[in-house]
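Summary of the model geometry
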Amino acid sequence: MWTKNRLASSCPIIFLFILLVLSNTSIQAYATTYYVDATNGNDFNNGFSPETAWKTISKVNSMDFKPGDYILFKRGEVWREQLIIPSSGEEGRPITFGAYGEGKKPKITGADIVTNWIGPNEYGAWRISGSIWQYQVLLEDGQKLQRVISSSEGSNLSAGQWGGDSGYIYYKPSSGTPDDHIVELGVRKYPLYINGKSYIKIENLRFEANKYSSSDPSQLWAVIALQSSHSCEISNCEVSFGGFFGISLNDCTDCLIKDNEVTYIERRGITIGADCSDITVASNHIHHIGKKATIEEDGTAHGDKEGIAVSSNGSEGSLEPFNITIECNEIHDIGNELAKKSTNCKGIVVYSGDADSGNITDIMIRYNKIFNCDGRGISLEMVDGNHTLYYNIIFNNGIGNRESSSIWGGLIIHTRIGTTSNVKVFNNIIWGNDGGPGTGSKANVFIHSRPDSTLTFSFKNNIIGLFQNPEGYDLCYLPSGTLNLESDHNLFYEDSGSKNCINWWGKVYDFAHVLGNQFRYYSYDKSQDMNSITQDPLFIDASNGNFHLQFNSPCINKGTDVGLTEDMEENPVDYAPDIGAYEYSELNHTEI
């Protein structure tokens, strides 16, 4: 009896002990933190603390991590390896790869230091063995150098360039000799590869430099490549010096790309390819895409240069991407002074491409700031389906100097032949997107419904103006197909009544003839924009990118309700919306 009672009285204690053991086991199994230190680590360590950290990414790649695990890389360290994610997390318990310690973000690079340069030759160039066709990235002291195709023995290289042929790579230092610099050559594919995984979070890391082969699928020509993956997040990372793409997604669903800096990428900063859906690209800083791009044999930089691209073109898959949100990004300085066509340089592009079926549809582009793109700010090309654009600021685009016969400007939309599209454009500022040299169409806004297509286009509460190129227009409509237009409560502005403002399929209305209640006025002839305004919007300082409204702006309370509740800065939109991207408030605006 005593034994029985003793056992009975001990049961709660034993149960509690077992529970604690199981709980601790569960915590260790599902929430272990591992540390990686490139300098002081050792792969024979257990990795459980900074003092017993692992050393290499190869060790990380070999592990079978559990949902909820953290793998932390030491700040200030460099790994010249590839991080290939080995395991999946689960809903609510992602596997997180991040950083610990102080200093710069941990760097994972596809480049190796090169020291065995031979030279200089008679042209001042140094060489190593290798084919120019196998490598796309060379860095000097952490900066991308320009690659020049067909540089015979380096004879056509300027200081700070590199090139070569099928046998040698030639490099002309920006100063001194190669020994005066840290020279790195991109020798590995994708520094980060996520393939067939789910519930992965990558944060606070730096990824740079890659190489690719023409035999590789083009969607993998990226610094960060996500393939056939679900519920992954890339956040607060730095992505630089890509030989083709910065971040590439193909056959991915429910992924988030946010708060990253993407810069000095050859072609596209972020690309969302075939079979992608439910992707959000948010709050990224994307800039200098296409800068220092490869110079081809004809002396130009080939290919499109794009900040964010949504297209199956350049990827493999059966369906066009759909249900994509692009929001709160800052995109600028897209293009190259030697681009073959400046109009190929765009901030955001949505383009129906090579997929077997499906529509690029349900694309939402909102709260973005896009400027200094050589060709176009936002370009919706060959599209069908539903698209919504609101509270974007698109200014000073179309600034390239390379001749083109295509379309320049701020917002460009043209439909796919034989399709039906519904596009809503609300509360945007589209300002001073002039267009460069050439014979192409130049407009702040260009809308083309192509033959046998139907475009329902709603255009409200936008500010459009100050287009300085005498060959262009603020707003250009080319309704080759059916255009169901509803345009109202916009503000148009030019600094002269005689300047071209609106072009309707060849019929040009100057600024003085936009609004009026008689024949030969745009609003009367087309029964559009009856409640719109033709006045100076009175921005605080548009020349320096400040498009807030002054207290006496004619835009205040002159918009119409389009169902939006927050402006560019998350200020509430009241019963009488303002025209443009900012609601005026004495609390959040400073007058000049």
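Residues numbered from 1 in each chain as written. Predicted model: local features only at pLDDT ≥ 70, side-chain atom pairs only at ≥ 80, totals over all residues. Heavy atoms only, no water.

Summing up its helical and strand segments, the protein chain has three helices and 48 strands in all. Against the 2.2 N^0.38 benchmark of 25 Å for 592 residues, the protein chain shows a C-alpha radius of gyration of 28 Å, consistent with a compact globule. For the protein chain, the C-alpha atoms occupy an extent of roughly 100 × 90 × 50 Å along the three principal directions. Residues counted as buried form 57% of the 592 residues belonging to the protein chain. For the protein chain, restricting intrachain contacts to residue pairs at least 6 apart in sequence, the fraction spanning at least 24 positions comes to 70%. (Helix = DSSP H or I, 4+ residues; strand = E, 2+ residues; numbered from the N terminus. Rg over C-alpha atoms; globule rule 2.2 N^0.38 Å. Buried < 20%, exposed > 50% of the residue type's maximum accessible area, 1.4 Å probe, protein only. Contact = heavy atoms within 4.5 Å.)

What follows concerns the nonpolar core. Phe73, Phe97, Ile202, Leu249, Phe457 and Tyr477 are the most contacted members of the largest nonpolar core, which totals 107 residues. In this structure, Ile128, Leu145, Tyr171 and Leu185 belong to the second largest nonpolar core, which totals 14 residues. (Core = buried A, V, L, I, M, F, W, Y, C linked by side-chain atoms within 4.5 Å.)

Between glycine 119 and the following residue, proline 120, the backbone shows a cis peptide bond with an omega angle of 5°. Locating proline 120 in the fold gives a position in the loop between strand 7 (111–113) and strand 8 (126–129). Despite not being glycine, serine 283 has its phi angle at roughly 60°, a positive value. Secondary-structure assignment places serine 283 in the loop between strand 25 (277–282) and strand 26 (285–289).

Tallied over the full model, the rule gives 27 aromatic pairs. With a centroid separation of 5.8 Å and 50° between ring planes, the pair formed by tyrosine 34 and phenylalanine 48 is classed as tilted. Highlighted residues: tyrosine 34 in strand 1 (residues 33–36) and phenylalanine 48 in the loop between strand 1 and helix 2 (57–61), separated in sequence by 14 residues. Residue phenylalanine 48 is classed as partly exposed on the basis of its relative accessible area, which comes to 42%. Three or more aromatic residues joined by ring pairs make a cluster, and in this case those are Phe371, Phe395, Trp431, Tyr493, Phe511, Phe539 and Phe547. Looking at lysine 211, its charged tip hangs above the ring of tyrosine 135, at a distance of 4.8 Å from the centre. (Phe/Tyr/Trp six-rings, centres within 6.5 Å; stacked < 30°, edge-to-face > 60°. Lys NZ or Arg CZ within 6 Å of the ring centre and 35° of its normal.)

As summarised here, the arrangement of the four strands in space is 8-13-12-11, forming an open sheet in which the pairing is mixed. Sheet topology places strand 8 and strand 11 (146–149) at the edges, where each strand pairs with a single neighbour. Between one strand and the next, the sheet's axes are offset by a mean angle of 25°, whatever the strand orientation. Here strand 11 pairs with strand 12 (residues 161–164) via four bridges, running parallel. (Pairing = 2+ DSSP bridges. Axes fitted to C-alpha atoms, helices over the stretch in contact; angles between N-to-C directions.)

Moving on, we come to the pattern of salt bridges. Side chains bearing opposite charge may pair, as long as their charged atoms lie close to each other. Here the structure, examined in full by the defined rule, presents 23 salt bridges. The partner of lysine 105 in a salt bridge is glutamate 238, with the nearest N and O atoms 3.7 Å apart. Here the residue lysine 105 occupies a position in the loop between strand 5 (95–100) and strand 6 (107–109), and glutamate 238 occupies one in strand 20 (residues 238–240), the gap between them amounting to 133 residues. Of the charged contacts, one joins arginine 206 and glutamate 238 as a salt bridge, the two residues approaching to 2.9 Å between their closest N and O atoms. Remark: glutamate 238 occurs in strand 20 and arginine 206 occurs in strand 17 (residues 206–208); sequence separation between them is 32 residues. Relative accessible area serves as the criterion here: at 16%, arginine 206 is assigned to the buried category. Put simply, Lys105, Lys107, Arg206, Glu208 and Glu238 are held in one network by salt bridges that share partners. (Salt bridge = Lys/Arg side-chain N within 4 Å of Asp/Glu carboxyl O.)

On to the sheet that holds strand 3 (residues 78–79). Spatially, 12 strands are ordered 3-6-17-20-23-26-29-32-35-38-41-44 in an open sheet, and the strand pairing comes out parallel. Single-partner strands in this sheet number two, and they are strand 3 and strand 44 (491–493). In terms of strand pairing, strand 6 meets strand 17 through three bridges, oriented parallel. Each residue of the ladder has a partner; that of threonine 109, found in strand 17, is glutamate 208.

This part is about the state of the cysteines. Such a bond, covalent and formed between the sulfur atoms of two cysteines, is termed a disulfide. For the structure shown, the criterion picks out zero disulfides. The closest cysteine sulfur to the non-disulfide-bonded cysteine 232 is located on cysteine 255, 4.7 Å from its own sulfur. Note on cysteine 255: relative accessible area 3%, which makes it buried. (Disulfide = S-S within 2.5 Å.)

Looking now at the pairing of strand 39 (residues 442–449). Of all the eight residues making up strand 39, eight are buried; the element is thus mostly covered by neighbouring parts of the structure. Alignment of strand 36 (residues 408–415) against strand 39, held across six bridges, turns out to be parallel. For isoleucine 413, the partnering residue across the bridge sits in strand 39 and is isoleucine 447. Across six bridges, the pairing between strand 39 and strand 42 (residues 473–479) is parallel. Each bridged residue has a counterpart across the sheet, and for serine 449 the counterpart in strand 42 is proline 479.

As a further point, take the environment of isoleucine 286. Tracing the backbone through its elements, the reader meets isoleucine 286 in strand 26. With sequence-adjacent residues up to four places away left out, isoleucine 286 is seen in contact with Val262, Gly269, Ile270, Gly307, Ile308, Glu330, Ile331, His332 and Ile334.

Looking at the protein chain as a whole, the pLDDT averages 91, with 92% of positions reaching at least 70. In this model residues 1–28 is a low-confidence stretch, pLDDT under 50, and it forms three contacts with partners more than four residues away in sequence or in other chains. (pLDDT = per-residue confidence, 0-100.)

Another aspect to go through is the pairing of strand 26. In the sheet, strand 23 (residues 261–263) pairs with strand 26 via three bridges, with the strands oriented parallel. For valine 262, the partnering residue across the bridge sits in strand 26 and is isoleucine 286. Looking at chain direction, strand 26 and strand 29 (residues 330–334) are connected through four bridges and run parallel. Along strand 29, the bridge assignment pairs histidine 285 with glutamate 330.

On to the environment of isoleucine 118. Here isoleucine 118 is to be found in the loop between strand 7 and strand 8. Separated by 276 residues in the primary sequence, isoleucine 118 and isoleucine 394 have C-alpha atoms spaced 48 Å apart. Contacts of isoleucine 118, omitting those with residues within four sequence positions, involve Ala125, Trp126 and Arg127.

Inspection of the secondary structure puts glutamate 81 in the loop between strand 3 and strand 4 (83–84). Buried charge without a salt bridge: glutamate 81, with arginine 188 as the nearest opposite-charge side chain at an N-O distance of 7.9 Å. Within the structure, the side chain of glutamate 81 is placed 2.9 Å from the backbone nitrogen of serine 58, a separation counted as a polar contact. Among residues more than four places away in sequence, those in contact with glutamate 81 are Thr56, Ile57, Ser58, Ile108, Thr109, Arg188 and Pro191. (Lys, Arg positive; Asp, Glu negative; His and termini not counted. Polar contact = N/O pair within 3.5 Å; in protein donor to acceptor, adjacent residues only side chain to side chain.)

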